[in-house]
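An overview of the molecular structure
So you can see what is in the structure, the chains are spelled out below.
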Protein chains: 2
Amino acid sequence: MPSALTNMFATIVFMSPRREPVSRRDRPAKPPLSRAALVAVALRIMREEGLEKATMRRLAAELDTGPASLYVYVRNTAELHGAMLDELVAGLEPPEPAAGDWRERLIGLLTSYTWMLFARPGLARSVLTLRPCGPHYLRLIDTVLGLLLAGGMPDRQAAWGVDILLQHATATAAEQGSRAEAAEAAGEEADLALAVAEAGAGAYPHLVRVRDELFAGTGEERMRWSFGTIIDGLS
Amino acid sequence: MPSALTNMFATIVFMSPRREPVSRRDRPAKPPLSRAALVAVALRIMREEGLEKATMRRLAAELDTGPASLYVYVRNTAELHGAMLDELVAGLEPPEPAAGDWRERLIGLLTSYTWMLFARPGLARSVLTLRPCGPHYLRLIDTVLGLLLAGGMPDRQAAWGVDILLQHATATAAEQGSRAEAAEAAGEEADLALAVAEAGAGAYPHLVRVRDELFAGTGEERMRWSFGTIIDGLS
DNA sequence: ACCTGAACACCGTTCAAGT
DNA sequence: ACCTGAACACCGTTCAAGT
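In the annotation of an unreviewed UniProt entry, chain A is listed under the name TetR family transcriptional regulator and assigned to Actinoplanes siamensis.

1. A closer look at the packing of helix α3 (residues 35–49) of chain A against helix α5 (residues 77–90) of chain A
Residue and element names in this part refer to chain A. Running from N to C, α3 and α5 point in directions that differ by 80°, and their axes come no closer than 10 Å. Classified by the interaxial angle, the pair formed by α3 and α5 is roughly perpendicular. Residue-level inspection shows Arg35, Val39, Ala42, Leu43 and Met46 of α3 in contact with α5, the latter providing Glu79, Leu80, Ala83, Met84, Glu87 and Leu88. A class-by-class count of the residues in the contact of α3 with α5 yields eight nonpolar, no polar and three charged.

2. What to know about the relation of the copies chain A and chain B
Least-squares fitting of chain A to chain B yields an RMSD of 0.0 Å, with the transformation described by 0.0 Å of translation along the axis and a rotation of 180°. One copy is carried onto the other by what is essentially a two-fold rotation axis. Among all residues of chain A, the minimum C-alpha distance to the rotation axis is found for Gly233 of chain A, at 1.8 Å. Of the residues that chain A buries at the interface, 100% are likewise interface residues in chain B, meaning the two copies contact each other through the same surface.

3. Examining the protein's contact with DNA strand C
By nearness alone, 15 residues border DNA strand C, and Arg57 and Tyr71 of chain A together with Thr65, Ala68 and Tyr73 of chain B come closest of all. Among all atoms of DNA strand C positioned within 4 Å of the protein, those belonging to sugar or phosphate total 50%. Between DNA strand C and the protein, one listed contact pairs a phosphate oxygen with a backbone N or O atom of Met56 of chain A at 3.3 Å. At a separation of 3.1 Å, a phosphate oxygen of DNA strand C approaches a polar side-chain atom of Thr77 of chain A.

4. A look at helix α6 (residues 102–118) of chain A
Helix length check: α6 of chain A, at 17 residues, gives a terminal C-alpha distance of 24 Å against a target of 24 Å (1.5 Å per residue), a fit within 8%. Looking only at α6 of chain A, the buried set comprises Trp102, Leu106, Ile107, Leu109, Leu110, Thr111, Tyr113, Thr114, Met116, Leu117 and Phe118 of chain A.

5. Comments concerning the layout of surface pockets
By volume, the second largest pocket is sized at about 630 Å³. Contributing elements (two or more residues each) for the lining of the second largest pocket: α9 (155–181), α10 (183–198) and α13 (219–234) of chain A together with α8 (135–150) and α9 (155–181) of chain B. Looking at the lining of the second largest pocket, the element that brings in the most residues is α9 of chain B, giving seven residues. Along the lines of polarity and charge, the residues of the lining of the second largest pocket split into 20 nonpolar, nine polar and five charged.

6. A closer look at the interface of chain A and chain B
Listed by partner, the interface residues are 64 residues for chain A and 64 residues for chain B. It is Arg131, Trp160 and Trp225 of chain A in chain A that bury the most area against chain B; as a group they hold 14% of the surface buried on that side. Our enumeration of links across chain A and chain B arrives at eight salt bridges. Notably, a salt bridge pairs Asp191 of chain A with Arg75 of chain B, separated by 2.6 Å at the nearest N-O pair. Taken together, the connections running from chain A to chain B amount to 20 residue pairs in polar contact (both at pLDDT 80 or more). When residues of the side of chain A that touches chain B are traced back to their parent elements, those giving at least two are α8 (135–150), α9, α10, α11 (205–209), α12 (211–214) and α13 of chain A. Top contributing element to the side of chain A that touches chain B by residue count: α9 of chain A, with 18 residues. For the side of chain A that touches chain B, the per-class residue count stands at 29 nonpolar, 16 polar and 19 charged.

7. Quick word on empty space enclosed by the protein
Applying the stated rule across the entire model yields one cavity of 30 Å³ or more. Of the pockets and cavities examined, the largest cavity occupies roughly 270 Å³. Lining the largest cavity we find 18 residues, and of these Arg131, Tyr137, Ile141 and Asp163 of chain A together with Leu192 of chain B sit closest to its centre. Top element by residues in the lining of the largest cavity is α9 of chain A. It accounts for five residues. Its residues placed into classes, the lining of the largest cavity shows 13 nonpolar, two polar and three charged.

What counts and how
Residue positions are counted from 1 within each chain, in the order its sequence is given. Labels follow written order: the first chain is A, the first ligand is 1, and so on. For this predicted model, a pLDDT threshold of at least 70 governs which residues receive local features, and a threshold of 80 or more governs which side-chain atom pairs are given and counted, while totals over whole chains, interfaces and linings are taken from all residues. Processing note: side-chain calculations cover all non-hydrogen atoms of the structure and skip hydrogens and water entirely. Between N-to-C directions, angles cover 0 to 180 degrees, with each direction set by a line fitted to C-alpha atoms, over the stretch in contact for helices. Secondary structure elements are taken from DSSP: a helix is a run of H or I of four residues or more, a strand is a run of E of two residues or more, and numbering for both begins at the N terminus. Angle categories are assigned with fixed cut-offs, so that under 35 degrees is roughly parallel, over 145 is roughly antiparallel, 65 to 115 is roughly perpendicular, and the rest are oblique. Pairs of residues are marked as contacts when any of their non-hydrogen atoms sit within 4.5 Å. Each residue gets one label: Ala, Val, Leu, Ile, Met, Phe, Trp, Tyr, Cys and Pro are nonpolar, Asp, Glu, Lys and Arg are charged, and the others, such as Gly, are polar. Here the copies are superposed with least squares, the fitted atoms being C-alpha atoms of residues at a pLDDT of at least 70 in both. By convention in these notes, a residue is near a molecule or strand provided one of its non-hydrogen atoms lies within 4 Å of it. A 3.5 Å cut-off defines polar contacts: any pair of N or O atoms within that distance qualifies, except that in protein one atom must be a possible hydrogen donor and the other a possible acceptor, and neighbouring residues in sequence count only when both atoms are side-chain atoms. What a helix should span is 1.5 Å times the count of its residues minus one. The buried label goes to any residue with under 20% of its type's maximum accessible area, the exposed label to any with over 50%, and the partly exposed label to all in between, with areas taken from a 1.4 Å probe on protein chains only. Whether a set of points on the 1 Å grid over the protein atoms alone is a cavity depends on a 1.4 Å probe fitting there but being unable to get out, while an open set qualifies as a pocket with protein on both sides within 12 Å along at least five of seven lines; lining residues are those with an atom within 4 Å of a point. Grid points are joined across faces, edges and corners, and a volume is the space filled by probe spheres set on the points. Here the quantity called buried area is the accessible surface, traced with a 1.4 Å probe, that two parts lose on coming together, added over both. Basic side-chain nitrogens of Lys or Arg form a salt bridge, by our definition, when they fall within 4 Å of a carboxyl oxygen of Asp or Glu.

So this is what it looks like as structure tokens:
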């Protein structure tokens with residue numbers, strides 16, 4: 001907290017020895033705590049330094065308070081992550097009605113949700129073990145449902161389908177996104193590639209047969225194909 | 001470590017004061033460190049107390065050494081989890097050739113893999129951000145591939161399909177499993193149910209329409225249905 | 001090569017006490 | 001009701017030094 005330090009010296013050097021009221025006036029206006037403020041700061045830290053830095057302790061330091069104070073506004077870290085996700089989902093543009101049939105629009109929406117999480121793999125990982133329930137996430141569920149129903153799907157198929165589709169989006173972001181980012185994860189990817197390359201046709205005949213297809217295709221290609229495949233299965 | 005304590009007292013009370021050689025002889029034979037020993041102890045702790053207790057520090061204490069010693073055998077915690085998964089996959093029984101057609105056998109295999117992870121949600125969560133590459137996991141990939149190819153699927157479809165199917169299995173276990181277990185996660189489930197119950201038909205028309213279907217069905221039902229749906233989409 | 005103690009640089013959450 | 005400092009009970013990983 002360099003700014004706090006600076007202010008402390010300012011107080012000592014230039015001000016009267018009555019410390020408390022003066023340093024209070026002098027300090028940059030401390031923003032009032034609130035759930036929204038917490039989420040905003042957490043999103044900024046995530047953007048600038050990654051989710052792993054957006055810890056309760058760090059947030060508290062940033063907001064010039066102790067970690068215990070945050071627990072007035074969120075139950076725990078998981079709830080904070082849920083609130084962060086909701087804010088990000090709010091920023092997703094809704095599918096244009098003119099953008100093709102329901103299937104195309106649905107794939108477009110799911111793809112843009114996935115890309116959004118792709119850039120935040122840590123959050124995706126956290127969301128996977130959550131039940132997001134913010135208003136904007138409910139909006140997303142409603143929109144996906146609407147598109148599935150527009151495709152003539154029975155209610156149950158649509159209801160269960162939305163779960164599979166959103167879970168696939170989140171899991172893909174958690175899995176692929178973290179690998180694209182972290183250096184250690186790149187090592188794991190290489191380990192698998194090596195293991196597959198070394199696999200003998202005797203022990204792993206099918207693996208050897210489709211070896212080249214396993215790692216083929218771009219992320220975008222595989223993503224669209226996956227969503228299309230699941231949607232086709234639902235229909 | 002009560003056994004170490006007991007032995008220490010035994011040494012002090014009954015033995016000569018020359019401590020080191022005696023206590024060395026007296027101590028239960030310290031098993032030699034090895035990757036397999038690490039994995040075995042980690043699996044036991046996970047079984048008895050959950051994955052979150054199977055930390056590097058705890059493993060080291062259990063193996064009567066310092067945490068630094070473990071890094072000779074595994075690169076990091078992620079690699080340890082990968083090795084644990086491989087051991088668990090080894091214990092999965094292969095699908096009986098008589099158990100119906102390829103589709104039924106495939107669903108059976110995927111279901112049993114999912115149930116196995118379901119009981120270990122923490123591991124499932126960890127595996128999701130991993131590329132498992134152990135011999136038994138490769139076996140699993142090969143078997144799934146074999147069944148898809150037996151269904152007459154082109155190579156590419158099978159290769160990309162195995163990714164979707166295994167990811168879905170892992171993600172389902174990570175998501176549902178942790179909720180079934182942790183008390184806090186149950187709260188999140190309730191939060192979502194509440195939010196859905198309170199959703200207005202004006203803002204969320206589709207959500208309200210299929211409201212009852214969203215939470216319908218048992219885990220087993222939805223699991224089989226999901227795998228069936230994805231397989232149908234692949235075909 | 002393998003093993004170690006100690007250190008580095010942190011965590012989330014709770015609690016009693018304040019205002 | 002809201003806020004706080006301090007504490008509780010831990011983490012993963014690295015490093016220099018030993019054997």
